[in-house]
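Tertiary structure, described
Residues per chain, in single letters:
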Amino acid sequence: MSVFLSNLSSPPLLFFFLGVAAVLARSDLEIPAQIAKFLSLYLLFAIGFKGGVALSESTIDSTMLLTLLCAVVLSAVIPVYTFVLLRGSFSLADSAAIAATYGSVSAVTFVTATGYLDMQGIAWSGYLVAAMALMESPAIIVGIVLYKYFGKQQIATAQMFSWKELLRESLFNGSVLLILGSMVIGWVTGTDGMHKLQPLVKDLFLGLLCLFLLDMGIVAARRFRDLQPVRRGQSGGKPIRLMLAAGLMLPAVNALVGLGIAVFLGLTEGNALLFVVLAASASYIAVPAAMRLALPEANPGSYLTMSLAITFPLNLLIGIPAYHAAIKWLL
Amino acid sequence: MKPCKRIEIVIESPMVPSLIAILKQLDIPGYTLIPDVRGSGDRGVRRADELSGESSNSLILIACDDPSTVEQLLAAVRKLLSRSGGICLLSDAQWLRH
C-alpha cells in the first residue's frame, strides 16, 4: 500500500492530476502545442543521453544482449496474441492497429518509471533505454502483416501504401531517431559529456517531466471525456465498454508476460520494473503516426484513445507501483 | 467571373501526399492546404492537441472549371476517403479571374 501512496504523492503524478483537474473544472489552462512538443523532445533527448552514458560505463554482457533480444521478440509477439484476443470484438483494421499499439511502447511511461526509480534511489541500467528504442518499430510491421494476412479480400485496396514509406516511418520516426541518436551521442561522449550536460539532462529532468505530465493530464482527461456516449445526431458510437475493458486488460496481461521474462532473465529490481513497464505500455506517438499512414482503415478513435486515455493513466497511477510491488515480492 | 466547381476535402493529414499526387496526375495545378484542422465526425472528436498531431486532419480547397476533370477527381477522392474517412464537399462557385 505504501508504494501506491508514495507514488501518488510524487510531484510528477500530482501535476498529472492537476492537468486532469483543470479539464474537470473546465479551466482554460493549456500548454501551447509547440511547447508540449518541445517538452517531449527534451524527455526523449535526456533519457536517450542518460542511457547512452550509462551504457558507456557498463560492459556488454550476456544478460544485456539477452534482454535486448527478448525485448524485440516481445514487441513482435504481443501484437499477435493481442490481435487474436481482439479479433472477435473489433474490426479487422482496428484489431491490427490496437495490436501494434500495445506491442510498441510508451516512451513517456518509461521515462516516468525511471523518474519513479530515481526518486526511490533504485538503480537501473542504460541498456533498457536501448530496449525501449528497439521495441518501437517491430510491432508496427507485425500489425500491418497481420492485417494483410487476415484481410485477403481487402488487399486490393490496401496496396495503396508503399512498404518503403512504412519502413522509413517506423524506423526513422522522429521520436525513435531522437532516442537512438541521443543514446549514441551519450555513449560516445560518456562521463565527460555528462559533466557538460548535467544541469540540463539531470538537474532539470524531474521539473520538466512535471510540466510534461501536466500537459498529458489535460490531453488524457479530454480524451476520456470524449469517450462519453455520443449525442444524438452524431454517428459512429464506438463500443466504449469494450474499449475500456481492453484498455485495462491488455496492459495487465502484457505486464504478466513481461514479469515472467524479467524473472527468467534474472534482472535487478530497477531493470525488471522498466522491462515490465515496456511490456505493459502502449504507444501513442510512433504507432499512431505509422498506422494513420499505412492502415487508414483503422479508426484512431479506437487505438489512440485506448492507449492515451485508458492505458497511459492506468500505468502511471496504478501500474508502475503495482509492477514494483510484484517484482519486490518475486525477487 | 468564371463559373467553376469548388471542392473542399477534409482528410487525415498523412493522406495528403496521396491526394496531392492525384491532383498532379489530373493536371490540377492549384490547391490550398490548411493543415491541423480539427472537429468531429464518424471517427469521433478530433482535437489535434496531441504531441505530434496524431489526430489532426487537413483541409484542401480546390477550384476546377473542367467538368470531366472534376468527375475524375471525385472518383479518386472517393477511393481515398473510403479508406481513411473524411468529407468531400462540392459546390458551384464563381471564379474571380484577375
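Chains are numbered independently. Their residues run from 1 in the order of the written sequence. Ligands are numbered from 1 and chains lettered from A, in the order in which they are written. Two thresholds apply to this predicted model, a pLDDT of at least 70 for residue-level local features and 80 or more for giving and counting side-chain atom pairs, whereas whole-chain, interface and lining totals are computed over all residues. Neither water nor hydrogens contribute to the side-chain values; these are computed over all heavy atoms in the structure.

1. Details of the pattern of salt bridges
Applicable threshold: Salt bridge, as applied in this entry: a Lys or Arg side-chain nitrogen positioned within 4 Å of an Asp or Glu carboxyl oxygen. Numbering of helices and strands runs from the N terminus; a helix is a DSSP stretch of H or I covering at least four residues, while a strand is a stretch of E covering at least two. Per-residue accessibility, obtained with a 1.4 Å probe over protein chains only, is compared with the maximum for each type, and a residue is labelled buried under 20%, exposed over 50%, and partly exposed between these values.
Within the structure shown, the criterion is met by ten salt bridges over all chains. The residue Asp118(A) makes a salt bridge to Lys50(A) at a minimum N-O spacing of 3.9 Å. In this pair, Asp118(A) sits in helix H6 (residues 107–120) while Lys50(A) sits in helix H3 (residues 33–57), placing the two residues 68 residues apart along the sequence. The exposure class assigned to Asp118(A) is partly exposed, which follows from its relative accessible area of 38%. Connected through shared salt-bridge partners, Arg292(A), Glu12(B) and Arg46(B) make up one network.

2. Here's the deal with the environment of Ala123(A)
What counts is decided by this rule: Residue contacts are counted whenever heavy atoms from the two residues lie within 4.5 Å of one another.
With respect to the helices, strands and loops of the structure, Ala123(A) is situated in the loop between H6 and helix H7 (127–135). If sequence neighbours within four positions are ignored, Ala123(A) has contacts with Gly270(A) and Asn271(A).

3. Observations regarding the interface of chain B and chain A
Formally: Here the quantity called buried area is the total loss of accessible area, with a 1.4 Å probe, experienced by two parts when brought into contact, counted for both. By the criterion applied in these results, polar contacts are pairs of N or O atoms within 3.5 Å in which, for protein atoms, one can donate a hydrogen and the other can accept it, and in which residues neighboring in sequence qualify only through two side-chain atoms.
The interface is formed by 24 residues belonging to chain B together with 30 residues belonging to chain A. Carbon and sulfur atoms supply 49% of the area buried between chain B and chain A, which totals about 2300 Å² over both sides. If you look at where chain B meets chain A, you find two salt bridges. Here chain B and chain A share three residue pairs in polar contact (both at pLDDT 80 or more) between them.

4. Regarding the sheet that holds strand S6 (residues 87–95) of chain B
All names here are of chain B. As a reminder of what qualifies: One requirement defines pairing of two strands: DSSP has to find at least two bridges between them. Under this scheme, a helix contributes an axis fitted over its contacting stretch, all axes are lines through C-alpha atoms, and angles between N-to-C directions fall in the 0 to 180 degree range.
Taken together, the four strands give an open sheet; going across it, the order is S2-S5-S1-S6, and neighbouring strands pair in antiparallel fashion. In this open sheet, the two strands that pair with only one neighbour each are strand S2 (32–37) and S6. The sheet shows a mean angle of 20° between the axes of neighbouring strands, taken without regard to direction. For strand S1 (residues 2–12) and S6, the ladder comprises nine bridges, and the chain directions are antiparallel. Along S6, the bridge assignment pairs Ile 7 with Leu 90.

5. Points about the packing of aromatic side chains
Residue and element names in this part refer to chain A. What counts here: In this analysis, rings of Phe, Tyr and Trp, with Trp reduced to its six-membered ring, are considered paired at centre separations within 6.5 Å, and the interplanar angle assigns stacked below 30 degrees, edge-to-face beyond 60, and tilted for intermediate values.
Overall, the coordinates contain seven aromatic pairs over all chains when judged by the stated rule. Ring geometry for Tyr 42 against Phe 45: centres 6.3 Å apart, planes inclined by 55°, an arrangement best described as tilted. Of this pair, Tyr 42 and Phe 45 both sit in helix H3, separated by three residues, roughly a single helical turn. Judged by its relative accessible area of 4%, Tyr 42 is buried. Relative accessible area serves as the criterion here: at 22%, Phe 45 is assigned to the partly exposed category. On the numbers, 5.2 Å between centres and 85° between planes, the contact of Tyr 149 with Phe 150 is edge-to-face. Residue classification places Phe 150 among the partly exposed residues on the basis of a relative accessible area of 45%. Aromatic ring contacts, followed pair by pair, group Phe 16, Phe 17, Tyr 284 and Phe 312 into a single cluster.

6. Some details on the packing of H3(A) against helix H12 (residues 205–226) of chain A
Residue and element names in this part refer to chain A. To be explicit about the condition: For classification purposes, angles smaller than 35 degrees are called roughly parallel, those larger than 145 roughly antiparallel, those between 65 and 115 roughly perpendicular, and all remaining angles oblique. Should the near helix be turned anticlockwise from the far one by less than a right angle, the crossing is left-handed, and should it be turned clockwise, the crossing is right-handed. Note that Gly is not counted as nonpolar here; it falls among the polar residues with everything else outside the nonpolar set of Ala, Val, Leu, Ile, Met, Phe, Trp, Tyr, Cys and Pro and the charged set of Asp, Glu, Lys and Arg.
One way to put it is that H3 packs onto H12 with a least axis distance of 10 Å and a crossing angle of 140°. By the angle class used here, H3 and H12 are oblique. Between H3 and H12 lies a crossing whose hand is left-handed. Seen from H3, the contacting residues are Ala 36, Leu 39, Ser 40, Tyr 42, Leu 43, Ala 46 and Lys 50; seen from H12, they are Phe 205, Leu 208, Leu 209, Leu 211, Phe 212 and Asp 215. Taken together, the residues of the contact of H3 with H12 break down into ten nonpolar, one polar and two charged.

Everything listed is a geometric property; what it means functionally is a separate question.
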